[in-house]
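Okay, here's what each chain looks like letter by letter:
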There are 2 protein chains.
Amino acid sequence: MRIAIDAMGGDHAPALIVKGALEAAAEWPETQLLLVGDSAQIEAHLGGFKPANITIIHADDVIGPDDEPVKAVRRKKGSSMVIAGQLVREGKAEAMLSAGNTGALMTTGLLVVGRIEGIERPALAPMLPTMDDVGVLALDLGANMDAKPEHLLQYGIMGSIFRTKIHGMANPRVGLLNVGTEDKKGNELSKAAYELLEAAPIHFVGNVEANGVLSRQCDVLVCDGFSGNIMLKAMEGTASFVMRAIRDAFMSTWLTKLAALVVRPKVSQLKAKMDYKEYGAALLLGVNGLVLKCHGSSDNKAVKNAVGKARTAIETELIQSIAAEISRK
Amino acid sequence: MRIAIDAMGGDHAPALIVKGALEAAAEWPETQLLLVGDSAQIEAHLGGFKPANITIIHADDVIGPDDEPVKAVRRKKGSSMVIAGQLVREGKAEAMLSAGNTGALMTTGLLVVGRIEGIERPALAPMLPTMDDVGVLALDLGANMDAKPEHLLQYGIMGSIFRTKIHGMANPRVGLLNVGTEDKKGNELSKAAYELLEAAPIHFVGNVEANGVLSRQCDVLVCDGFSGNIMLKAMEGTASFVMRAIRDAFMSTWLTKLAALVVRPKVSQLKAKMDYKEYGAALLLGVNGLVLKCHGSSDNKAVKNAVGKARTAIETELIQSIAAEISRK
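How each quantity is defined
Residues numbered from 1 in each chain as written. Chains lettered and ligands numbered in written order. Predicted model: local features only at pLDDT ≥ 70, side-chain atom pairs only at ≥ 80, totals over all residues. Heavy atoms only, no water. UniProt positions renumbered as here; feature names shortened; annotations may be inferred. Helix = DSSP H or I, 4+ residues; strand = E, 2+ residues; numbered from the N terminus. Contact = heavy atoms within 4.5 Å. Least-squares fit on C-alpha atoms with pLDDT ≥ 70 in both. Buried < 20%, exposed > 50% of the residue type's maximum accessible area, 1.4 Å probe, protein only. Arc of directions from axis to C-beta. 1 Å grid on protein atoms, 1.4 Å probe; cavity = no way out; pocket = protein on both sides within 12 Å on 5 of 7 lines; lining within 4 Å. Points joined across faces, edges and corners; volume = space filled by probe spheres on them. Nonpolar A, V, L, I, M, F, W, Y, C, P; charged D, E, K, R; others polar. Lys, Arg positive; Asp, Glu negative; His and termini not counted. Salt bridge = Lys/Arg side-chain N within 4 Å of Asp/Glu carboxyl O. Polar contact = N/O pair within 3.5 Å; in protein donor to acceptor, adjacent residues only side chain to side chain. Buried area = accessible area lost by both parts, 1.4 Å probe. Pairing = 2+ DSSP bridges. Axes fitted to C-alpha atoms, helices over the stretch in contact; angles between N-to-C directions. Disulfide = S-S within 2.5 Å. pLDDT = per-residue confidence, 0-100. Phe/Tyr/Trp six-rings, centres within 6.5 Å; stacked < 30°, edge-to-face > 60°. Lys NZ or Arg CZ within 6 Å of the ring centre and 35° of its normal. Parallel < 35°, antiparallel > 145°, perpendicular 65-115°, else oblique. Left-handed = near helix turned anticlockwise from the far one by under 90°.

By the naming in an unreviewed UniProt entry, chain A is Phosphate acyltransferase, taken from Paenibacillus oenotherae. In UniProt, chain A has this text filed under Sequence similarities (unreviewed entry): "Belongs to the PlsX family."

What follows is the structure in C-alpha cells.
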C-alpha cells in the first residue's frame with residue numbers, strides 16, 4: 001500500500017509533515033510513504049534518518065495558499081501537490097494527502113486524479129462535531145457551489161458508503177440539510193433532492209435542520225456547497241465566539257480566575273470538542289482515487305492520523321465500492 | 001397612531017399579550033392599541049380595567065401554530081391575525097404585531113396587507129446578536145426560499161433604510177452573506193447579487209462570511225431565505241449546545257459547582273446575549289404597512305417592546321421611505 005504525502009503544503013510544512021510521516025512510517029512499517037517535495041528540505045527534516053518505507057520524490061515547485069486554484073494546478077505541473085495527484089492517477093500510489101491550498105487540492109482531484117465515471121461533481125466531505133463525539137459526515141461543504149438535485153443524490157450515496165466502509169456503520173442515516181423537518185420544506189433544489197434521496201438505496205431519514213446536526217439526527221448530512229459552507233462557518237464562528245466570551249467571563253475578577261482553575265480541564269475538553277480544525281482529514285469523494293485534505297494548521301499528529309484514515313479507506317476499498325454503486329444506477 | 005395587536009397568537013396568548021398591551025398603553029397614552037381576538041377572553045385578562053387607549057376588536061377564529069399558512073389565511077377570514085392585517089390594509093391601523101404562526105403572518109403580510117409597489121418579495125428581517133451588542137439586521141431569514149438577484153438587491157436597500165430610520169445609523173454597511181470575502185466568491189445567485197448591490201445607492205461593503213456576523217462586519221446582512229435560515233439555525237444550535245455543555249461542566253463536582261456560583265452572573269449575561277429569541281420583534285419588510293413578528297414565546301415585556309418598535313417605525317415613516325426609494329429606481 002502506497003500513500004503519497006504532499007510534504008510542502010500547510011502552515012507547518014515541511015517540518016511537521018515530515019515528522020508526521022516518520023511517525024506513520026514507524027507505526028505502519030508495511031505502508032510505503034512517498035514524501036513529495038523539495039528533497040533537500042525533506043532530507044534536512046528527516047535528520048539523517050530515512051526508514052525503509054519512506055521514499056522521497058523531488059518536486060521543484062509549490063502551490064501556495066494564495067495561488068488561484070485552477071491556474072496553479074494547470075501551470076505548476078512540477079508542484080508537490082500536482083505530482084502527488086499524478087502518482088495516484090498513474091497507480092503509483094493508492095492515496096494522496098495534502099494540508100495545502102484547499103481549492104487547488106480539489107482541482108488536483110478533479111483534473112489530475114480524475115472523477116469516478118458517472119460522478120458529476122466530487123464533494124469535500126469532512127466530519128462535523130456532535131455532542132456524542134461520534135460526528136456527522138457532511139457533504140458537500142464547499143467544492144460545488146451550484147449543486148443540482150442529482151449531485152445531492154450522489155452525495156447521499158457516497159456518504160452512506162463512506163460511513164459503512166470507514167466507520168463500520170451498519171445502516172447510516174442520511175439526512176438532507178433543510179430549513180425545516182417537514183417533507184415539503186425548502187427551496188427548489190432541496191425539494192427535488194428530497195424526492196431523489198427518498199427513492200435511493202440508502203437509509204434516508206428526511207430533512208435535518210442545522211441545529212439537528214450537533215445532536216446527530218443523521219450520520220450523513222447532504223447539502224449543497226454554498227449553504228453547507230455557510231452552516232459550517234456559522235457553527236465555527238458561534239462556537240469560537242462563545243468560548244472566547246466564557247474565557248473573558250472567567251478573567252474578570254480574581255475570584256472568577258480562581259473558579260477558572262477549577263473548571264479549566266472541562267472547558268478545555270469542550271473547546272477541543274468544538275474545534276472544527278481538530279476533526280481530521282476530509283476526503284474528496286467522487287474522484288477516482290483517495291484524496292485527503294488535511295487542515296492547513298495540521299501538525300505531525302494530524303498527518304499521522306490522516307495516513308491512518310487513508311489506510312482504512314484503501315483496505316476497505318472505498319473508491320471501488322463507490323464506483324460499483326454509481327455504475328449500477 | 002394606531003397599532004393592532006393579535007391577542008391570540010403565541011405561546012402565552014392571550015394572557016401575556018394583553019398584559020403587554022396594558023403596559024404599552026400606560027407607557028404611551030397617546031397611542032391607540034387595537035386588541036384583536038376573543039373579546040370575552042381579552043376582557044377577562046384586562047381584569048375589569050380598560051384604559052381609554054385600548055379598543056377590543058372581536059375575532060371569532062384563531063390561526064394555530066400548526067395551521068398550513070396559505071390555507072389558514074385564505075380560509076380563516078375571521079381570525080385575529082387576518083383581521084389585524086385587514087385593519088392595516090384599510091388604514092385603520094398603521095401597524096400590526098403578532099406572536100402567532102410565522103408563515104401565516106408572512107402570508108397575511110403578502111395577501112392581506114399587500115406588497116409595496118415594485119417590491120417583488122417581502123423579507124423577514126430580524127436582528128442577529130453580535131459581540132458588541134449592537135446587532136446585525138439580517139434579511140431574508142426564511143420568507144423567500146428561492147430568491148433572485150433582484151430580490152437580494154431590494155433587501156439591501158430596505159435593510160439600509162431600516163437601520164437609518166429605526167436605529168439612526170448614518171451610513172449603514174450592507175454586506176452579502178457568502179462563502180468567502182473575495183468578490184468573485186459564491187454561487188450564481190450571490191455573484192449576480194454582488195454586482196447589483198455594488199451598483200446600488202447604498203454603502204455596500206462586499207461579501208461577509210457567517211463567522212463575520214458576530215463580529216459585526218456589516219450592519220445589514222443580505223442573504224437568500226434558504227441559506228440565511230440555515231445560518232440562523234446553525235448559530236442558535238451551536239450557541240445553545242455550547243451553553244449547555246458549559247453548564248454540564250460546572251455541575252460535575254462540588255468544586256466546580258462552587259466555581260459556577262462565582263461566574264454565574266457573567267454566564268447568565270452571555271446566555272441572554274446569545275439568546276436569539278430575546279432579540280425583539282422582526283419586521284416583514286416590503287409589505288405596504290408595518291407587520292411585526294414577535295417570537296412565539298413572547299411575554300408581556302416582548303409585546304411592549306414590539307409596540308415601542310412599531311411606534312418608532314411609524315414616526316420615522318419607514319414604509320413611506322422604502323416605497324419612495326423603490327419607486328425611484
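**Q** Teacher, can you tell me more about the side chain of A:Ser190 here?
**A** Tracing the backbone through its elements, the reader meets A:Ser190 in helix 7 (residues 188-199). If near-sequence neighbours (up to four positions away) are discounted, A:Ser190 is found in contact with A:Leu176, A:Asn178, A:Lys185 and B:Phe226.

**Q** Sorry if this is basic, but what is going on with the relation of the copies chain B and chain A here?
**A** Copies of the same chain, two in number, are related to each other by a rotation about an axis and a translation along it. Between chain B and chain A, the superposition needs a rotation of 180 degrees and an axial shift of 0.0 Å, giving an RMSD of 0.0 Å. Between the two chains, the operation in question is that of a two-fold axis. Across chain B, the rotation axis passes nearest the C-alpha of B:Ala259, at a separation of 2.1 Å. In this assembly, 98% of the residues forming the interface of chain B have copies in chain A that are likewise at the interface, indicating an isologous arrangement.

**Q** Looking at this model, I keep getting lost on helix 11 (residues 318-328) of chain B. Mind explaining?
**A** Owing to its 3.6 residues per turn, the α-helix brings residues three or four apart onto one side. Residue and element names in this part refer to chain B. When we look at burial in helix 11, the residues that qualify are Leu-318, Ile-319, Ser-321, Ile-322, Glu-325 and Ile-326. All buried residues of helix 11 lie within an arc of 160 degrees about the axis, which places them on one face of the element. Exposed residues pointing more than 90 degrees away from the buried face of helix 11 are listed as Ser-327 and Arg-328. Of the surrounding secondary structure, the elements contacted by the buried residues of helix 11 are helix 6 (149-167), strand 11 (282-285), strand 12 (290-293) and helix 10 (300-315).

**Q** Even after reading the chapter, I still don't get empty space enclosed by the protein, so can you show me in this structure?
**A** Sizing a probe to match a water molecule and rolling it over the atoms shows the empty space that remains. Residues and elements named next belong to chain A. With the rule as written, the count across this model stands at one cavity of 30 Å³ or more. Of the volumes computed, that of the largest cavity is approximately 40 Å³. Of all elements in the fold, only strand 8 (173-177) and helix 7 reach the threshold of two or more residues within the lining of the largest cavity. Its residues assigned to classes, the lining of the largest cavity comprises seven nonpolar, three polar and one charged.

**Q** Could you clarify how one ought to interpret the side chain of B:Arg163 in this entry?
**A** Residues and elements named next belong to chain B. Looking at where Arg-163 falls in the secondary structure, it is placed in helix 6. For the buried Arg-163, no salt bridge is present, and the opposite-charge side chain at shortest range is Asp-219, 4.6 Å distant. For Arg-163, the side chain forms a polar contact with the main-chain oxygen of Gly-135, separated by 2.9 Å. Beyond its immediate sequence surroundings of up to four residues, Arg-163 is in contact with Met-127, Val-134, Gly-135, Val-136, Leu-137, Gly-168, Met-169, Pro-172, Asp-219 and Val-220.

**Q** How should the interface of chain B and chain A be read in this particular structure?
**A** Reports often express the size of an interface as the amount of accessible area lost when the parts come together. Each partner contributes to the interface: chain B provides 46 residues, whereas chain A provides 45 residues. Approximately 4100 Å² of surface area, both sides summed, lies buried where chain B meets chain A, with 80% of it carried by carbon and sulfur atoms. Summed over the three residues of chain B that lose the most area to chain A, namely B:Val179, B:Phe226 and B:Phe241, the buried surface amounts to 16% of that side. Taken together, chain B and chain A are joined by two salt bridges. When the shortest N-O distance is used, the salt bridge between B:Glu209 and A:Lys233 registers 2.6 Å. Counting the contacts that link chain B with chain A gives six residue pairs in polar contact (both at pLDDT 80 or more). Breaking the side of chain B that touches chain A down by element, the ones donating at least two residues are helix 7 (188-199), helix 8 (225-250) and helix 9 (254-273) of chain B. With 20 residues, the top contributor of residues to the side of chain B that touches chain A is helix 8 of chain B. Across the side of chain B that touches chain A, the residue classes break down as 25 nonpolar, twelve polar and nine charged.

**Q** Which parts of the structure should I look at to understand the environment of B:Ala123?
**A** Residue and element names in this part refer to chain B. Topologically, Ala-123 is positioned in strand 5 (residues 123-125). Sequence separation between Ala-123 and Leu-141 is 18 residues, and the spatial gap between their C-alpha atoms is 7.4 Å. Once residues within four sequence positions are removed from consideration, Ala-123 is found in contact with Leu-139, Asp-140, Ala-143, Tyr-155, Leu-283, Leu-284 and Leu-285.

**Q** What exactly am I supposed to notice about the sheet that holds strand 6 (residues 127-128) of chain B here?
**A** Hydrogen bonds between backbone groups are what pair the strands of a sheet, and the pairing can be parallel or antiparallel. Residue and element names in this part refer to chain B. Taken in spatial order, the five strands make up an open sheet running 6-7-10-8-9, and their pairing is mixed. Both edges of this open sheet fall to strand 6 and strand 9 (203-208), since each of them pairs with a single strand only. Pairing analysis gives five bridges linking strand 8 (residues 173-177) to strand 9, with the strands arranged parallel. For Val-174, the partnering residue across the bridge sits in strand 9 and is Phe-204. In the packing of helix 7 onto the sheet, contacts are made with strand 8, strand 9 and strand 10 (220-222), and the angle to strand 9 comes to roughly 160 degrees.

**Q** Could you clarify how one ought to interpret the pairing of strand 12 of chain B in this entry?
**A** Residues and elements named next belong to chain B. Because side chains alternate across strand 12, one face comprises the buried residues Leu-290 and Leu-292, and the other comprises Val-291 and Lys-293, equally buried. One ladder, built from four bridges, connects strand 4 (residues 95-98) with strand 12; its direction is parallel. Counterpart to Ser-98 in the pairing with strand 12 is Lys-293. Examined bridge by bridge, strand 11 and strand 12 share two bridges and lie antiparallel to one another. Looking across to strand 12, one finds that Leu-283 is bridged to Leu-292. Here strand 11 hands over to strand 12 after four residues, with Gly-286 in that stretch at a positive phi of 115 degrees.

**Q** Explanation requested: the state of the cysteines in the structure shown.
**A** When the sulfur atoms of two cysteines share a covalent bond, that bond is a disulfide. This model, assessed by the stated rule, comprises zero disulfides over all chains. Cysteine A:Cys223 shares no disulfide, and the gap to the nearest cysteine sulfur, in A:Cys218, comes to 9.5 Å.

**Q** Sorry if this is basic, but what is going on with the confidence of the model for chain A here?
**A** Close inspection of predicted coordinates is inappropriate for parts of the model with low pLDDT. Looking at chain A as a whole, its pLDDT mean stands at 93, while 98% of the residues score no less than 70. Among the scores for the predicted complex, ipTM is 0.88 and pTM is 0.89.

**Q** I would appreciate a short explanation of the packing of aromatic side chains in the present structure.
**A** For any pair of aromatic rings, geometry is given as the distance between the ring centres together with the angle between the planes. Under the counting rule described, the total for this entry stands at three aromatic pairs over all chains. Residues A:Tyr194 and A:Phe204 carry aromatic rings whose centres are separated by 5.1 Å and whose planes lie at 75 degrees to one another, so their mutual orientation is edge-to-face. Here the residue A:Tyr194 occupies a position in helix 7, and A:Phe204 occupies one in strand 9 (residues 203-208), the gap between them amounting to ten residues. The same class applies to A:Tyr194 and to A:Phe204, which are both buried. Arranged with centres 5.9 Å apart and planes meeting at 45 degrees, the rings of A:Phe250 and B:Phe250 form a pair that is tilted. Highlighted residues: A:Phe250 in helix 8 (residues 225-250) and B:Phe250 in helix 8, drawn from two different chains. Accessibility assignment for this pair places A:Phe250 and B:Phe250 in one class, buried. When the ring centre of B:Trp28 is taken as reference, the NZ or CZ atom of B:Lys304 above it lies at 5.9 Å.

**Q** Mind showing me how you'd approach the packing of helix 6 (residues 149-167) of chain A against helix 7 of chain A here?
**A** A packed helix pair is summarised by two numbers, namely the angle formed by the two axes and the spacing between the axes. All names here are of chain A. Running from N to C, helix 6 and helix 7 cross one another at 45 degrees; their axes reach a closest spacing of 8 Å. As far as their axial angle goes, helix 7 and helix 6 are oblique. Crossing hand, helix 6 versus helix 7: right-handed. Mapping the contact onto sequence places Pro-149, Glu-150, Leu-152, Leu-153 and Gly-156 in helix 6 and Leu-189, Ala-192, Ala-193, Leu-196 and Leu-197 in helix 7.

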